[in-house]
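# Observations on chain architecture
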Amino acid sequence: MNKFLEKGSFYGVSWIRRTDFHVLTVGMETYTSDERFEALHLQKSNDWTLQIKYTQLRDSGTYECQVSSDPKISFFVNLTIVGKLHCLLFCMHFEN
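Here is a short report on the structure shown in this document. Nothing here was measured: the structure is a model prediction, and the numbers come from that model.

Each value, and the rule that gives it
- Residues numbered from 1 in each chain as written.
- Predicted model: local features only at pLDDT ≥ 70, side-chain atom pairs only at ≥ 80, totals over all residues.
- Heavy atoms only, no water.
- Helix = DSSP H or I, 4+ residues; strand = E, 2+ residues; numbered from the N terminus.
- Buried < 20%, exposed > 50% of the residue type's maximum accessible area, 1.4 Å probe, protein only.
- Polar contact = N/O pair within 3.5 Å; in protein donor to acceptor, adjacent residues only side chain to side chain.
- Contact = heavy atoms within 4.5 Å.
- Pairing = 2+ DSSP bridges.
- Salt bridge = Lys/Arg side-chain N within 4 Å of Asp/Glu carboxyl O.

## Some details on the environment of Tyr63
- As for its placement among the helices and strands, Tyr63 is situated in strand E6 (residues 61–67).
- Looking at Tyr63, the relative accessible area reads 1%, which means it is buried.
- Separated by 2.7 Å, the side chain of Tyr63 and the backbone oxygen of Asp59 make a polar contact.

What follows is the structure, encoded as structure tokens:
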């Protein structure tokens, strides 16, 4: 997610569920007791992914991918669950 930021700079990337403003992940750390949520990131990659395993109808809503830069950068994803899915990935990749 940080490809358009200064090369070599590290900024934390967080995933936030906007329906209740719950911080789900910060970097690779998970801050929810719901084990279906996990952040995925390959080292030296600019892609950050929020994985939701075994999605449920209540998972529908808006999710924010936030970079803790100055100024803050956010990308919003609207998710609508219409059936059973075993795994859902959101991939963010920004180019210069």
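There is more to say after this.
## Some remarks on the side chain of Arg17
- In this structure, Arg17 sits in strand E1 (residues 13–17).
- Of the residues examined, Arg17 reaches a relative accessible area of 16% and is grouped as buried.
- Apart from residues lying up to four places away in sequence, Arg17 is in contact with His22, Leu24, Phe37, Thr62 and Tyr63.

## A few points about the sheet that holds E6
- Strands sit in the order E3-E2-E1-E6-E7 across an open sheet of five strands; the sheet is antiparallel. The open sheet terminates on both sides in strands that have one partner only, identified here as strand E3 (29–30) and strand E7 (73–79).
- As paired strands, E1 and E6 are joined by five bridges and run antiparallel to one another. When the bridges of E6 are listed, Ser14 appears paired with Gln66.

## Here we look at the pattern of salt bridges
- Scanning the entire structure with this criterion turns up five salt bridges.
- Taking the shortest distance from any N to any O, the salt bridge between Asp59 and Arg36 comes out at 2.7 Å. Taken together, the positions of Asp59 in the loop between strand E5 (48–53) and E6 and Arg36 in the loop between E3 and strand E4 (37–40) put the pair 23 residues apart, joining distant regions of the chain.
- On the basis of relative accessibility, which here comes to 10%, the residue Arg36 falls in the buried class.
- Connected via shared salt-bridge partners are Asp34, Arg36 and Asp59.

## Considerations on the environment of Gln51
- Structurally, the position occupied by Gln51 is in strand E5.
- With relative accessibility at 11%, the residue Gln51 sits in the buried group.
- In the structure, Gln51 is positioned twelve residues away from Ala39 in sequence and 6.2 Å away in space, judged by C-alpha atoms.

## Section: the pairing of E4
- By the alternation rule, side chains of E4 split into Phe37 and Ala39, which are all buried, and Glu38 and Leu40, of which none is buried.
- Pairing between E4 and E5: four bridges, direction antiparallel. Its bridge partner lying in E5, Leu40 is registered against Thr49.

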